[in-house]
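Read off the chains here:
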There are 2 protein chains.
Amino acid sequence: MAVHKGNILKLRRLGIDTNLENIIFMRADSQVSRSEGFTANTRVLVHHLNHTMVATLNLVTSNLLLEGEAALSDAAFNLLQAREGSLVWITHLKPIASFSDVRAKMFGKKLTEQAFRHIISDITHGYYSKIEMAAFITACTGDNLSLDEIIYLTKAMIATGTRLKWKAPVIADKHSVGGLPGNRTTPIVVPIAAAAGLIIPKVSSRAITSPAGTADTIEVLTPVNLSISRIRDVVQKEGGCMAWGGAVHLSPADDIIISVEKALDVDSSGQMIASVLSKKAAAGSTHVVIDIPVGETAKVRTTEDALKLEYYFKAVGNVIGLSIEVLVSDGAQPVGRGIGPALEARDVLAVLRNQPDAPSDLKNRSLKLAALLLESVGKVPRGAGEEKARQLLESGAALDKFYRICQAQGGFREPTEALYRHPVVATKDGVVSRVNNRKLAKLAKLAGAPKSPAAGIHFVAPLGTHVRKGQTLFTIHSESRGELAYSIDFLKTDNNLIQLDPA
Amino acid sequence: MAVHKGNILKLRRLGIDTNLENIIFMRADSQVSRSEGFTANTRVLVHHLNHTMVATLNLVTSNLLLEGEAALSDAAFNLLQAREGSLVWITHLKPIASFSDVRAKMFGKKLTEQAFRHIISDITHGYYSKIEMAAFITACTGDNLSLDEIIYLTKAMIATGTRLKWKAPVIADKHSVGGLPGNRTTPIVVPIAAAAGLIIPKVSSRAITSPAGTADTIEVLTPVNLSISRIRDVVQKEGGCMAWGGAVHLSPADDIIISVEKALDVDSSGQMIASVLSKKAAAGSTHVVIDIPVGETAKVRTTEDALKLEYYFKAVGNVIGLSIEVLVSDGAQPVGRGIGPALEARDVLAVLRNQPDAPSDLKNRSLKLAALLLESVGKVPRGAGEEKARQLLESGAALDKFYRICQAQGGFREPTEALYRHPVVATKDGVVSRVNNRKLAKLAKLAGAPKSPAAGIHFVAPLGTHVRKGQTLFTIHSESRGELAYSIDFLKTDNNLIQLDPA
């Protein structure tokens, strides 16, 4: 490609935070725009020393920039490792060849292993725009991916990321498919398993469409942004860790995919299987227990869907060398009382501390998962897992291990509390007969979770509770007045979250 | 919703052109961001007097803005009809209820008429982000829309736009499904039909994924951004017009959908039928002739696909009260010689002016369509249309009518020529046996068409041409050196545009 003198520009820092969008600002009348035929919103390649990124062009029609200058959004400065005064070189972005496969997928074609490898590689390099990402995700939603395609996608995701290697032959791991508010078993299962002597280097994700991801909740209690070498140190010392997966780039394509899924508020089964298993394989795991909660308003709605998912998990796991155990569990209502990072962290601590008011559903669910893990790696005979897990939890051994892991990750801290609260009360006497998980989760998000860690819902009316008119069903917690008002607004248009039947 | 004092901000003009993206710039540490819990890339509602728009938030982390100030992208200033110093009020964007139907569509559900009405209404109001638009378009691509859903989508699009009413009982119209470079029959058919006494208030679109839309080509010759009252004047005076549909907001949702389809380079049949017929209905047409070119590298690849499309067009037309005639035509190679706005306009003028070197394929195709139109409205008996059309063209009556229409629209001008050119020659002797329409179109776009009107391809080697090594097959035209270099670059990686077989 021909290089023209005018294609080199000097960077100015304007201080514009666009979140993860890479924007380059250039004068509308600049030499580069005119000679290259760039217009606003053209996607271009920006080069600086050994770094190259794709950015969207915004044209400056004022004197904010001088001739010969360009500016980057804050995130783009970081990505390019550039500073004020750095020189950048701007070139055309070539048409993305792999997107023709995405178009084929949009029209219902099956894609090859090679096609998925190219698509995922281009996504990892940041060549796809948000619009193209949304098209790829939508084309792969629903039943649009065959089992073969899920395997190709999983392998492609593993190929693009870092892969951890461990000396131990057996590496334990767990995962929940989510969709159930408050289902925060990881910070209970990990210390139980580690206390039993298993190696469990657990990395979790942040929320995709929920009010709290496991990493969001654990971050309330201890730092989770651990480097790979830090993870190794923690695991070497304590046998387990509770880290955020995004910080170690186990599956960089997946992190980008998840950010768009979040904006669309979708999470399809094919993508999910590839996302989960690629991260487990990249983390070096050998034995994985997967919790699939089933309920009318959970992510998985019927036992039939759960069994299909179980089959897909096991089939893909088999191809990529992972032993998978599945627990199909009750997903009719939230687990514990808290929905939102800090509120869920309180439930976790209550269970680990064996407090008399600890939510028993969260405790029992954690014990079942820990038991399955202990049995699957052969630590105890089949059927003996739950007793072993209970003994480790109730003796305080798990709490001790939990504190040690937090210490190794950078220290333990108690959860914060939200400043603004609003109780929502029963409008009549009755028995709680139905709980809408999706709407409770939506309300917690409107209140600010997970961005504001102390925001969310404190839910005190599980199925079967007898309530009197005026009694609190749940309390909204928020860190800002605006968000509290916003979530209360939503209740005015839709207050059908908890159904009361005559007692 | 509670209004806080800090939610009112005074506008500064920073002069940032983001194309059609509405961006609001606010200080990261402003009262509004903190009290409302806004972060970078949050979508918010911005109110100014009687105008409201959805904008994406960029946070300013420098002193580019003072406390109490906000800035808008250039397009957002226009949309909101605001000026420097105007006060705006910022509020949360409520969750878009209709997007849950889009999610259902992503998972393969059939949508109701009501669902399409809500989705299209929200799109028209600008409530959908580009990502959400891409998901909606992808979910409706391929065979994902049933005939019923196409009818609902068409009706929803008609309902959101302006609808023109005419006193005449018969209003003629034409359309080509496109995909065939250079297929520019409208500026020939309209003057023939108008010269025959038909009322033909033709509105056309700009390019979606092609190097030139009909409106782009006609704009080279005469202004096309006509208001509705201007269209009425032109049609009253001359019986026909050749305007751009986007300027009259016949289907505002469709204009937004098209801008995203363009970014994805897709155009699916369901969306296309709804797009075309909603605009025809909105334009007040009663009789429409539709050209469907069929070819290996045209948009429609087989006669079977064309017949299915014909059935869908007629079925939807029947429900919404349009009489549809279809011409299934040969789409094996480009029509005429030009590909790109100005180059196509030259072909059109050559035909209208009865020049000896006028492309006969463009002429014959135009005569067939004009004939079908004259017959369908009953102006001439079946079978007598082509003779009548030929007589009007060859006598100069059509050219005279063409100039009059241009005059009424604001004046006629000759096409401009591109500064930079590059001939592509045969690498061996042979006969042209195959022409790749898609790649020629792509090359014309890389050269700058339709943004740069004089850019494109001048194609001089139609099927069956005997060529010698070194003889020009086509010439690339470009308005900038960068774009010319860019298109030549593409040829280096893919030069399989025109296949030569031994003579």
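Remember, predicted model here, so these are calculated numbers, not experimental data.

K.L.:
I tried to follow the packing of helix α10 (residues 252-264) of chain B against helix α11 (residues 269-282) of chain B on my own but got confused; where do I start?
P.N.:
All names here are of chain B. Put simply, α10 and α11 touch, their axes get as near as 11 Å, and they point 145° apart. Here the hand of the crossing between α10 and α11 comes out left-handed. Here Asp254, Asp255, Ile257, Ile258 and Glu261 of α10 come into contact with α11, specifically with Gln271, Ser275 and Lys279. Among the residues forming the contact of α10 with α11, the class breakdown is two nonpolar, two polar and four charged.

K.L.:
Please clarify how the environment of A:Arg83 should be interpreted in this entry.
P.N.:
Residue and element names in this part refer to chain A. Position of arginine 83 among the secondary structure elements: in the loop between α2 (74-80) and β7 (87-92). Measuring from C-alpha to C-alpha, the distance between arginine 83 and leucine 11 comes to 7.2 Å, with 72 residues separating the pair along the chain. If near-sequence neighbours (up to four positions away) are discounted, arginine 83 is found in contact with Leu11 and Phe77.

K.L.:
Sorry, what's going on with the domain arrangement of chain A here?
P.N.:
By a frequent convention, interface size equals the accessible area lost on bringing the separate parts together. Residues and elements named next belong to chain A. Segmentation of chain A into domains returns domain 1 (5-92), domain 2 (172-407) and domain 3 (420-501). Each of domain 2 and domain 3 was reduced to a C-alpha centroid, and the two centroids are 26 Å apart. The contact between domain 2 and domain 3 buries some 1,800 Å² in all, and 57% of this surface belongs to carbon and sulfur atoms. As a salt-bridge pair, arginine 434 and glutamate 296 come within 3.2 Å of each other at their nearest N and O atoms. If you look at where domain 2 meets domain 3, you find 10 residue pairs in polar contact (both at pLDDT 80 or more). For the side of domain 2 that touches domain 3, the secondary structure elements donating two or more residues are α8 (214-221), β13 (338-339) and α13 (341-352). Tallied by class, the residues present in the side of domain 2 that touches domain 3 amount to 13 nonpolar, nine polar and six charged.

K.L.:
Where do I start with the interface of chain A and chain B in this structure?
P.N.:
Between chain A and chain B, the contact holds 56 residues from the first and 56 residues from the second. Together chain A and chain B conceal approximately 4,800 Å² of surface at their shared face, both sides included; 62% is due to carbon and sulfur atoms. The three residues of chain A that bury the most area against chain B are A:Met106, A:Ile131 and A:Tyr486, which together make up 13% of that side's buried surface. Ionic pairing is found between B:Arg103 and A:Asp265, a salt bridge with its closest N-O pair at 3.9 Å. Taken together, chain A and chain B are joined by 17 residue pairs in polar contact (both at pLDDT 80 or more).

K.L.:
Just checking my understanding: could you explain the sheet that holds strand β11 (residues 287-294) of chain A for this structure?
P.N.:
Strand pairing in a sheet relies on backbone hydrogen bonds, with the paired strands running either antiparallel or parallel. Residues and elements named next belong to chain A. On the basis of which strands lie adjacent, the open sheet formed by three strands has the order β8-β11-β12 and parallel pairing. Because the sheet does not close on itself, it has two edges, and the strands there are β8 (172-176) and β12 (323-330). Here the average twist between neighbouring strands, direction ignored, is 20°. In terms of strand pairing, β11 meets β12 through eight bridges, oriented parallel.

K.L.:
Explanation requested: the relation of the copies chain A and chain B in the structure shown.
P.N.:
Here the second copy of the chain follows from the first by a rotation about an axis and a shift along it. Of the two same-sequence chains, chain A is brought onto chain B (RMSD 0.1 Å, axial shift 0.0 Å) by a rotation of 179°. Taken together, these values place the two copies in the relation of a two-fold axis. By C-alpha distance to the rotation axis, the residue of chain A lying nearest is A:Ile131, at 2.5 Å. Interface overlap between copies: 100% of the residues of chain A at the interface are likewise at the interface in chain B, consistent with a symmetric, same-surface contact.

K.L.:
Which parts of the structure should I look at to understand the sheet that holds strand β17 (residues 466-467) of chain B?
P.N.:
All names here are of chain B. Spatial strand order, β17-β15-β19: three strands in an open sheet with antiparallel pairing. Taken across any chain shown, the strands that pair with only one partner, and hence form the sheet edges, are β17 and β19 (498-501). As judged from the two bridges shared by strand β15 (residues 430-435) and β17, these two strands associate in the antiparallel manner. Residue pairing for β17: valine 431 is matched across the bridge by histidine 466.

K.L.:
What is the right way to read the state of the cysteines from this model?
P.N.:
Each disulfide consists of a covalent bond between the sulfur atoms of two cysteine residues. Counted according to the given criterion, the structure contains zero disulfides over all chains. Among the cysteines around A:Cys140, which has no disulfide bond, B:Cys140 carries the closest sulfur, lying 17 Å off. Judged by relative accessible area, A:Cys140 falls into the buried class, the value being 0%. No disulfide involves A:Cys406; its sulfur sits 11 Å from that of A:Cys241, the nearest cysteine.

K.L.:
Looking at this structure, I do not really get the nonpolar core. What am I missing?
P.N.:
Soluble globular proteins tend to bury their nonpolar side chains together. Ranked by size, the top nonpolar core spans 105 residues in total, and within it A:Phe313 and B:Phe313 carry the most contacts. Those residues within four positions of B:Phe313 in sequence are excluded, and the remaining contacts are B:Val177, B:Met272, B:Ile273, B:Val276, B:Leu277, B:Ile290, B:Ile292 and B:Ile324.

K.L.:
Where do I start with helix α9 (residues 228-238) of chain B in this structure?
P.N.:
Three- or four-residue spacings in an α-helix give side chains the same orientation, since the helix completes a turn every 3.6 residues. All names here are of chain B. Three or more residues of α9 are buried, namely Ile231, Val234, Val235 and Glu238. The arc that holds the buried residues of α9, viewed along the axis, is 95°, so those residues lie on one side. Residues of α9 that are exposed and point more than 90 degrees away from the buried face comprise Gln236 and Lys237. Buried residues in α9 make contact with α7 (186-195), β9 (200-204), β10 (240-244) and α16 (397-409). At the C-terminal side of α9, glycine 239 shows a positive phi close to 85°.

K.L.:
It is not clear to me how the packing of aromatic side chains should be interpreted in this structure. Could you clarify?
P.N.:
Centre-to-centre distance and the angle between the planes together describe a pair of aromatic rings. Residue and element names in this part refer to chain A. Applying the stated criterion across every chain yields a total of 12 aromatic pairs over all chains. One aromatic cluster in this structure is built from Phe402, Tyr403 and Phe412. Seen from the ring of phenylalanine 77, arginine 13 lies directly overhead, with NZ or CZ sitting 4.1 Å from the centre. The cationic tip of arginine 232 hangs over the ring face of tryptophan 166; the distance from NZ or CZ to the ring centre is 5.0 Å.

K.L.:
Explain unusual backbone geometry here, please?
P.N.:
Outside of glycine, negative phi angles account for most residues, and trans bonds account for most peptide bonds. The peptide bond linking A:Ala449 to A:Pro450 adopts the cis configuration, its omega dihedral lying at 0°. In this structure, A:Pro450 sits in the loop between α17 (437-446) and β16 (456-459). Backbone geometry places B:Asn41, a non-glycine residue, at a positive phi of 80°. Here B:Asn41 shows up in the loop between α1 (31-36) and β4 (43-48). Classification of B:Asn41 as partly exposed rests on a relative accessible area of 25%. Of note, B:Leu49 is a non-glycine position whose phi angle comes to about 50°, a positive value. Mapped onto the elements of the fold, B:Leu49 is located in the loop between β4 and β5 (51-60).

Conventions used here
Residues numbered from 1 in each chain as written. Chains lettered and ligands numbered in written order. Predicted model: local features only at pLDDT ≥ 70, side-chain atom pairs only at ≥ 80, totals over all residues. Heavy atoms only, no water. Axes fitted to C-alpha atoms, helices over the stretch in contact; angles between N-to-C directions. Helix = DSSP H or I, 4+ residues; strand = E, 2+ residues; numbered from the N terminus. Left-handed = near helix turned anticlockwise from the far one by under 90°. Contact = heavy atoms within 4.5 Å. Nonpolar A, V, L, I, M, F, W, Y, C, P; charged D, E, K, R; others polar. Domains from an automatic or database assignment. Buried area = accessible area lost by both parts, 1.4 Å probe. Salt bridge = Lys/Arg side-chain N within 4 Å of Asp/Glu carboxyl O. Polar contact = N/O pair within 3.5 Å; in protein donor to acceptor, adjacent residues only side chain to side chain. Pairing = 2+ DSSP bridges. Least-squares fit on C-alpha atoms with pLDDT ≥ 70 in both. Disulfide = S-S within 2.5 Å. Buried < 20%, exposed > 50% of the residue type's maximum accessible area, 1.4 Å probe, protein only. Core = buried A, V, L, I, M, F, W, Y, C linked by side-chain atoms within 4.5 Å. Arc of directions from axis to C-beta. Phe/Tyr/Trp six-rings, centres within 6.5 Å; stacked < 30°, edge-to-face > 60°. Lys NZ or Arg CZ within 6 Å of the ring centre and 35° of its normal.

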